[in-house]
Amino acid sequence: MPNFYSGLECHLESIESKLDAYTSSAVGCPNRLADAIRYSVLAPGKRLRPLLAMLACGAVGGNPNEALPVACAVELIHVYSLIHDDLPCMDDDDLRRGKPTCHRQFDEATAVLAGDSLQMLAIEVICQDMPAKKIATCCEILSKAAGRTALVGGQADDLAAEGRYGAVSSDGMSEIEFLKHIHRRKTGALIEASLQLGGVAGGASMDHLRGLARFGHNIGLAFQIIDDCLDVESTSEQLGKNTRKDNTLGKLTYPSLLGLSQSHELAKRLARDAKEEIAVLGSKADKLSELADFVVERRA
Ligand code: GRG
């Protein structure tokens with residue numbers, strides 16, 4: 001396990017056990033659908049987003065466990081997006097988290113339905129387990145981050161940039177601006193939402209919430225830049241997913257526009273900027289700061 005996880009074993013255990021409970025059998029859910037949901041959710045992911053939510057909660061003085069429902073909700077949305085992204089009509093991948101993708105293990109229709117179910121399960125979890133006065137805010141943050149102007153919009157523009165979804169509308173932006181615009185939505189929005197949701201769970205002030213959101217904004221982009229670099233620098237064994245796909249698909253990526261070295265430098269600068277945004281929270285935010293470093297130093 002990378003160093004970053006040391007001291008977080010307890011949070012990870014809580015996340016795994018809650019995800020297990022939230023996806024356990026439910027009356028009315030067909031076995032095959034339930035199996036596909038659990039197969040994808042319980043596969044070994046880094047759990048970066050739920051950890052961010054729990055750490056953000058702790059950083060503003062809350063008990064990290066208060067953020068568990070929103071932490072899991074964000075992971076459920078993330079897993080849905082991975083399942084759908086892997087489908088033949090999108091990225092057409094056969095390897096995810098070191099295992100066959102959901103549609104390969106089951107079938108396409110089941111994978112679509114598993115993804116659909118996870119979107120609603122995320123909302124259900126928040127409504128069921130968050131304190132009543134925080135439910136609406138959490139649902140609003142998560143649904144905006146997962147919706148047409150963020151996760152889905154970013155994905156649509158990403159596909160368009162590969163010429164696989166209608167026309168590209170970059171509205172006069174330079175290539176690098178357009179790439180940033182895609183990444184901020186496709187990857188960054190959910191990462192930013194994880195921080196905001198954790199902050200809300202911990203009762204953050206408006207000022208602290210803004211700082212957490214800006215932290216998320218910066219590390220969200222840094223995370224994607226490193227993801228682009230790893231696609232070139234790592235093997236599929238290391239990543240648990242196919243590599244060198246970006247180049248094959250002729251994708252717009254940071255390494256293709258800036259080169260690897262400048263891309264790494266940019267990611268490091270974003271991590272530094274991110275850490276400044278939460279400096280005001282003092283030592284309670286130390287683990288979040290470490291995470292910013294982990295995001296840019298990770299090898300998988
Ligand atoms: C289908 C609406 C829709 C959106 C798909 C998830 C996604 C958007 C695209 C996946 C393609 C991709 C490589 C995105 C880059 C960032 C990303 C989301 C990487 C995967 O996240 P990790 O590394 O995965 O946190 P694990 O498996 O560790 O959770």
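Going by the structure above, here's the rest.
Read on for an overview of the structure. Owing to the predicted nature of the structure, the values given are computational and were not obtained by experimental measurement. Residue positions are counted from 1 within each chain, in the order its sequence is given. For a predicted model such as this one, the threshold for reporting local features is a pLDDT of at least 70, and the threshold for listing and counting side-chain atom pairs is 80 or more; totals across whole chains, interfaces and linings nevertheless cover every residue. Excluded from the side-chain calculation are hydrogens and water; included are all heavy atoms of the structure.

1. Points about the overall build of the protein
Consideration 1: Tallying secondary structure elements over the protein gives 15 helices and two strands in all.
Consideration 2: Summarising its shape, the C-alpha atoms of the protein cover approximately 50 × 45 × 40 Å along the three principal directions.
Consideration 3: In what follows, residue pairs with any heavy atoms lying within 4.5 Å of each other are defined as contacts. Within the protein, contacts between residues separated by at least 24 positions form 74% of all contacts whose residues are at least 6 apart in sequence.
Consideration 4: Each accessible area value is a Shrake-Rupley result obtained with a 1.4 Å probe; residue values ignore everything except the protein chains displayed when judging cover. Accessible area of the protein: about 13,200 Å², with a carbon and sulfur share of 51%.
Consideration 5: The sign given to each residue is positive for Lys and Arg and negative for Asp and Glu; His and the chain ends receive no count. Charge placement uses NZ in Lys and CZ in Arg. For Asp and Glu, CG and CD serve respectively. Once the 33 positive and 41 negative side-chain charges of the protein are each reduced to a mean point, those two points are 2 Å apart. For the purposes of this entry, the term helix denotes a DSSP run of H or I that reaches at least four residues, the term strand denotes a run of E that reaches at least two, and both are numbered from the N terminus.

2. Here's the deal with the environment of Asp 293
Consideration 1: Note on placement: Asp 293 falls in helix α15 (residues 286-297).
Consideration 2: By relative accessible area, which is 25% here, Asp 293 ends up partly exposed.
Consideration 3: A sequence separation of 73 residues divides Asp 293 from Gly 220, and the C-alpha atoms of the two residues are 12 Å apart. Note on classification: 1.4 Å probe, protein chains only; a residue is buried when its accessible area is under 20% of the maximum for its type, exposed when over 50%, partly exposed between these limits.

3. Focus on the pattern of salt bridges
Consideration 1: The term salt bridge refers to a side-chain nitrogen of Lys or Arg lying within 4 Å of a carboxyl oxygen of Asp or Glu. A complete count under the given rule lists 16 salt bridges for this structure.
Consideration 2: A salt bridge links Asp 86 to Arg 96; the shortest N-O distance between them is 2.9 Å. Taken together, the residues Asp 86 in the loop between α4 (68-85) and β1 (95-96) and Arg 96 in strand β1 connect sequence positions ten residues apart. The same class applies to Asp 86 and to Arg 96, which are both buried.
Consideration 3: Several salt bridges converge on common partners, so that one network encompasses Glu 16, Arg 47, Glu 75 and Arg 97.

4. Concerning the layout of surface pockets
Consideration 1: Here the term cavity refers to a set of points on a 1 Å grid, laid over the protein atoms alone, in which a 1.4 Å probe fits but cannot get out; the term pocket refers to an open set having protein on both sides within 12 Å along at least five of seven lines, with lining residues being those that place an atom within 4 Å of a point. Grid points are joined across faces, edges and corners, and a volume is the space filled by probe spheres set on the points. Its volume calculated, the largest pocket comes out at about 1,200 Å³.
Consideration 2: Taken together, 50 residues line the largest pocket, and the ones lying closest to its centre are Leu 82, Asp 85, Arg 96, Asp 227 and Lys 241.
Consideration 3: Those elements that place two or more of their residues in the lining of the largest pocket are α3 (48-59), α4, α8 (151-161), α9 (175-201), α10 (206-233), α11 (236-239) and α12 (245-248).
Consideration 4: Here the lining of the largest pocket takes seven residues from α4, the largest share from any one element.
Consideration 5: Taken together, the residues that form the lining of the largest pocket break down as 16 nonpolar, 13 polar and 21 charged.
Consideration 6: The wall of the second largest pocket is formed by Tyr 22, Thr 23, Ser 24, Ser 25, Ala 26, Cys 29, Ala 34, Ile 37, Ser 117, Met 120, Leu 121 and Glu 124. Following the grouping adopted for this structure description, the nonpolar residues are Ala, Val, Leu, Ile, Met, Phe, Trp, Tyr, Cys and Pro, the charged ones are Asp, Glu, Lys and Arg, and the polar ones are all others, Gly among them.

5. Focus on the environment of Leu 82
Consideration 1: Looking at the secondary structure, you find Leu 82 in helix α4.
Consideration 2: In sequence terms Leu 82 and Thr 101 are 19 residues apart; their C-alpha atoms lie 9.0 Å from each other.
Consideration 3: The contact partners of Leu 82, leaving out residues within four places of it in the chain, are Arg 96 and Arg 97.

6. Concerning the nonpolar core
Consideration 1: In this structure, Leu 52, Leu 118, Ile 126, Leu 142, Phe 215 and Leu 288 are the most contacted members of the largest nonpolar core, which totals 93 residues.
Consideration 2: Non-local contacts of Leu 288, meaning those with residues more than four positions away in its chain, are made with Leu 52, Leu 55, Ala 56, Ala 59, Leu 195, Leu 212, Phe 215 and Ile 278. By convention a nonpolar core is built from buried Ala, Val, Leu, Ile, Met, Phe, Trp, Tyr and Cys residues, the set being connected through side-chain atoms within 4.5 Å.

7. Some thoughts on the site of the ligand
Consideration 1: Residues in close proximity to the ligand total 19 residues, the closest being Lys 46, Arg 49, His 78, Arg 97 and Gln 224.
Consideration 2: Side-chain atoms alone can form a polar contact between residues adjacent in sequence; in general such a contact is a pair of N or O atoms within 3.5 Å, and within protein one must be able to donate a hydrogen while the other accepts it. In the environment of the ligand, an oxygen atom lies 2.8 Å from a nitrogen or oxygen atom belonging to the side chain of Arg 49.
Consideration 3: The site holding the ligand turns out to be the largest pocket.
Consideration 4: Those elements giving two or more residues to the shell around the ligand turn out to be α4, α8, α9 and α10.
Consideration 5: If one sorts the elements of the shell around the ligand by residue count, α4 sits on top with six residues.
Consideration 6: Residues that form the shell around the ligand fall into these classes: five nonpolar, seven polar and seven charged. Whether a residue is near a molecule or strand is decided by its heavy atoms; if any one of them lies within 4 Å of it, the residue is near. A pocket or cavity is taken to hold a molecule when more than half of that molecule's atoms are within 2 Å of the pocket's grid points.

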